[in-house]
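What follows is each chain in one-letter form.
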Amino acid sequence: MIKNTNFIFKIIVLLLILNSCKESKIPITKPQYSRGLVTENAMVVSARMEASNIGAEILKNGGNAFDAMVATELALAVVYPYAGNLGGGGFMVYRMENGDVGSLDYREKAPLAATKNMYLDENGHIIPNKSTLGGLSVGVPGTIAGMFEVHEKFGLLPIKNVLNPIIELATKGFIVTEKQEKRMAAYQSYFRQVNKASILFEKKWQKNDTIKNLPLANTLKRILLNGKDEFYKGETAKILVNFLQDNGSIITEEDLIKYEPKWRTPITFNYKDLKIISMSPPSSGGICLAQILKMIEPYNLNNYGHNAIETIQVITEAERRAYADRSHFLGDPDFVQIPVQTLISTPYLKERMNNFSFSKATASKDINYGTVDIIESDETTHYSIVDSFGNTISATTTLNGAYGSKLYCSELGFFLNNEMDDFSSKPGTPNMFGLIGSEANSIAPEKRMLSSMTPTIIEKNGKLFMSVGTPGGSTIITSVLQTILNVYEFNMTMQQAVDAPRFHHQWLPDEIRMEPNSFNKSTIDKLKALGYFINETDSPVIGKVDGILVLDDGKLEGGADHRGDDASVGF
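Residues numbered from 1 in each chain as written. Predicted model: local features only at pLDDT ≥ 70, side-chain atom pairs only at ≥ 80, totals over all residues. Heavy atoms only, no water.

Caption draft 1: Representation of the overall build of the chain in the model. Across its full length, the chain holds 19 helices and 21 strands. Relative to the globule expectation of 25 Å for 571 residues, the C-alpha radius of gyration of the chain, 23 Å, shows essentially globular dimensions. Viewed in the frame of its principal axes, the chain has a C-alpha envelope of about 85 × 55 × 45 Å. Looking at the chain as a whole, 63% of its 571 residues qualify as buried. Put simply, the chain shows about 21500 Å² of open surface, and 52% of that area lies on carbon and sulfur atoms. For the chain, the centre of its 57 positive side-chain charges and the centre of its 64 negative side-chain charges are spaced 4 Å apart. (Helix = DSSP H or I, 4+ residues; strand = E, 2+ residues; numbered from the N terminus. Rg over C-alpha atoms; globule rule 2.2 N^0.38 Å. Buried < 20%, exposed > 50% of the residue type's maximum accessible area, 1.4 Å probe, protein only. Areas by Shrake-Rupley, 256 points an atom, 1.4 Å probe, with all protein chains shown as cover. Lys, Arg positive; Asp, Glu negative; His and termini not counted. Charge placed at Lys NZ, Arg CZ, Asp CG, Glu CD.)

Here is the structure:
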């Protein structure tokens, strides 16, 4: 009798647990590995196994995180042309073993001949595709300058040790994945539309094919021989400028000669007992991340539960207000005054949340930017590295749109960015990713366009805790945010944190974007009843997070997002 009673009791408990899961506390998601790769000493997590392997080998052979950064980024230019690049730019945040932090801005710049209204017709209307396709959409690339800047300041290994594996990779080729096959097929028509002649990636590549890129290998060989000057002043520069101008670009040799990356002070702030180090303008990532986390800090998310109604509400309303501020205040700090300290101050952010109520949604039309006495693609790529010395980097790089401008220089072997679309072509009008911009992000010669990239490093109790970041355009900030919360508030492993379903709100359009078939119907219905607009159609993937978590025993856990071909490698 006692045994039967215990059995019935267990069944009742199980039914109660299952019933609670049907509500909002636990999301529906595909089963994933509960923990990612765990290593003792060092790790690289990136969008492709080949790039992670090369970065990890550099670390094994005595290189540090900065040597591995250069190797990983340029390997991604070979195997992941969708976003990896020589023809784009990015941001990097670092933390040294001794706790020193910093960041590098190697974001693209507007050409010297750029003008505020260059994408408008005589009636002041935006000309379709002019800022997104072809030569006129290209900003001055910063990747090679950034990589050499990092290596010259912090690298340990000779540059040949770093570049030779990349040259070998481009020469021998890489294997096409199923996801890669689908991506290339989806953009074939654009490749033909933009390029005057057939290009390498226009061929109908299939899964398990090998793509060799000998022109890119030759470009890298010249860069190895002559350094960054090869790309900005040498034969490569001349070939590139002639090609660009032949395809409608206004970039000149002077633009390349004048390009320089910039060391910047990262945005640092506290969330409870975490110290968060993230990218400063011209990236909006660090400021927006600080605003959102500080606005939600007074609320007990852990009590509400992961992706519970209240959790989604608090995060959504904080995101709504941060993105409204982003649209007005943020731009290139070399051109506009940004009230950084006010924007991330507790009194200001408390005031921003004053009209939030759990009883109903706030309408975005009722949320303007805050009163102070201020764009980006889905197809970015991110990688995180921790070395055996204790140094950490978090880096995000991009061509902007998928394969950038779709313009491909066959002689040099790489795509060019369409980063000019990240400016406000017409302040108040959305860009290709729906982000609104203001005068602060208007076009000007040599100005850097606003970004959402959010490479981030986190300390806990004064020690390294996490390196994290993601692609995802306007969803970058919110994906990084939710990954941090998943680990810190909801006690997930790194792998669980990056695999968990995500949602996103960016002020305008006034909707919560949710990954389809990932949230309970009851959760969605309750949010709708509160006045929220739900969109499960336009964001089948929200971010592809790559992160590294330092475990309690000092080991490293990699989180490589299942949404891509991402991979963790370490030792």
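Anyway, onward from the coordinates.
Caption draft 2: Fine view of the sheet that holds strand β16 (residues 503–504). Pairing in this open sheet of three strands is mixed, and the strands run β16-β17-β18 from one edge to the other. Strands with a single pairing partner mark the edges of an open sheet, and in this sheet they are β16 and β18 (534–535). Across two bridges, the pairing between β16 and strand β17 (residues 512–514) is antiparallel. Bridge pairing in β17 places phenylalanine 503 opposite methionine 514. (Pairing = 2+ DSSP bridges.)

Caption draft 3: Up close: empty space enclosed by the protein. By volume, the largest cavity is sized at about 70 Å³. Of all elements in the fold, only α3 (65–79) and β13 (414–415) reach the threshold of two or more residues within the lining of the largest cavity. Across the lining of the largest cavity, the residue classes tally to ten nonpolar, four polar and no charged. Approximately 60 Å³ is the volume found for the second largest cavity. Surrounding the second largest cavity, His306, Asn307, Thr311, Ile315, Gln482, Leu485, Asn486, Phe490, Pro501 and Phe503 form its lining. In terms of residues, the lining of the second largest cavity owes the most to one element, helix α17 (residues 476–488), which gives three residues. The residue inventory of the lining of the second largest cavity, partitioned by class, reads five nonpolar, five polar and no charged. (1 Å grid on protein atoms, 1.4 Å probe; cavity = no way out; pocket = protein on both sides within 12 Å on 5 of 7 lines; lining within 4 Å. Points joined across faces, edges and corners; volume = space filled by probe spheres on them. Nonpolar A, V, L, I, M, F, W, Y, C, P; charged D, E, K, R; others polar.)

Caption draft 4: Local environment of helix α8 (residues 214–226). Taking 1.5 Å per residue, 13 residues should reach 18 Å; α8 reaches 18 Å between its end C-alpha atoms and fits that length. Those residues of α8 that sit buried are Leu216, Ala217, Thr219, Leu220, Arg222 and Ile223. Looking at the buried side of α8, the elements it contacts are α3, α4 (143–154), α5 (159–172), α9 (229–232), α10 (235–246) and β13. You can read the cap of α8 off the contacts: a side-chain oxygen lies 3.1 Å from the backbone nitrogen of leucine 216, and it is on asparagine 213. Taken from the residues just after α8, glycine 227 is the one with a positive phi, measuring 75°. (Expected span 1.5 Å × (residues − 1). Contact = heavy atoms within 4.5 Å. Polar contact = N/O pair within 3.5 Å; in protein donor to acceptor, adjacent residues only side chain to side chain.)

Caption draft 5: Geometry of the UniProt feature "binding site: L-glutamate" (unreviewed entry) in the chain. Sequence positions flagged by UniProt for "binding site: L-glutamate" (unreviewed entry) are, in local numbering, Arg107, Thr398, Leu399, Asn400, Asp422, Ser451, Ser452 and Gly473. Cross-referencing the annotated residues with the lining of the largest cavity gives Leu399. Within the element layout of this structure, arginine 107 appears in the loop between β4 (101–106) and α4. A polar contact is formed between the side chain of arginine 107 and the side chain of aspartate 422, at a distance of 2.8 Å. By secondary structure assignment, the location of glycine 473 is in the loop between β15 (463–469) and α17. Given a relative accessible area of 0%, glycine 473 falls into the buried group. (UniProt positions renumbered as here; feature names shortened; annotations may be inferred.)

Caption draft 6: Highlighting the pairing of strand β14 (residues 456–460). Judged by how many residues are buried, β14 sits mostly within the fold: four of five residues are covered. Here strand β9 (residues 274–278) runs beside β14; their pairing, made up of five bridges, is antiparallel. When the sheet's bridge partners are listed, leucine 274 is paired in β14 with lysine 460. The pairing of β14 with β15 spans five bridges and is classified as antiparallel. Directly across from glutamate 459, in β15, lies its bridge partner leucine 464. Between β14 and β15, which pair antiparallel in sequence order, lie two residues; one of them, asparagine 461, sits at a positive phi of approximately 55°.

Caption draft 7: Just the nonpolar core, in detail. Counting 84 residues, the largest nonpolar core has Met69, Leu86, Met92, Tyr106, Ile385 and Ile393 as the members making the most contacts within it. Ignoring any residue separated from it by four or fewer positions in sequence, one finds leucine 86 in contact with Leu74, Ala77, Pro141, Thr143, Ile144, Leu216, Thr219, Leu220, Ile223, Phe231 and Phe414. If you look at the next biggest cluster of nonpolar residues, it comprises 70 residues, including Ile296, Ile484, Phe503 and Leu530. (Core = buried A, V, L, I, M, F, W, Y, C linked by side-chain atoms within 4.5 Å.)

Caption draft 8: Structural context of the packing of helix α12 (residues 285–296) against α17. Packing of α12 against α17 leaves a shortest axis separation of 10 Å and a crossing angle of 45°. Taken together, the axes of α12 and α17 are oblique relative to one another. Regarding α12 and α17, the two cross each other, and that crossing is right-handed. Across the interface between the two elements, Gly285, Cys288, Leu289, Ile292, Leu293 and Ile296 from α12 touch Ile477, Val480, Leu481, Ile484 and Leu485 from α17. Partitioning the contact of α12 with α17 into residue classes produces ten nonpolar, one polar and no charged. (Axes fitted to C-alpha atoms, helices over the stretch in contact; angles between N-to-C directions. Parallel < 35°, antiparallel > 145°, perpendicular 65-115°, else oblique. Left-handed = near helix turned anticlockwise from the far one by under 90°.)

Caption draft 9: Examining α4 more closely. Between the first and last C-alpha of α4 there are 16 Å, a value that for twelve residues agrees with the 16 Å anticipated at 1.5 Å per step. The buried fraction of α4 amounts to ten of the twelve residues, a majority that puts the element mostly inside the structure. Among the residues of α4, Thr143, Ile144, Ala145, Gly146, Met147, Phe148, Glu149, Val150, His151 and Phe154 are the ones counted as buried.

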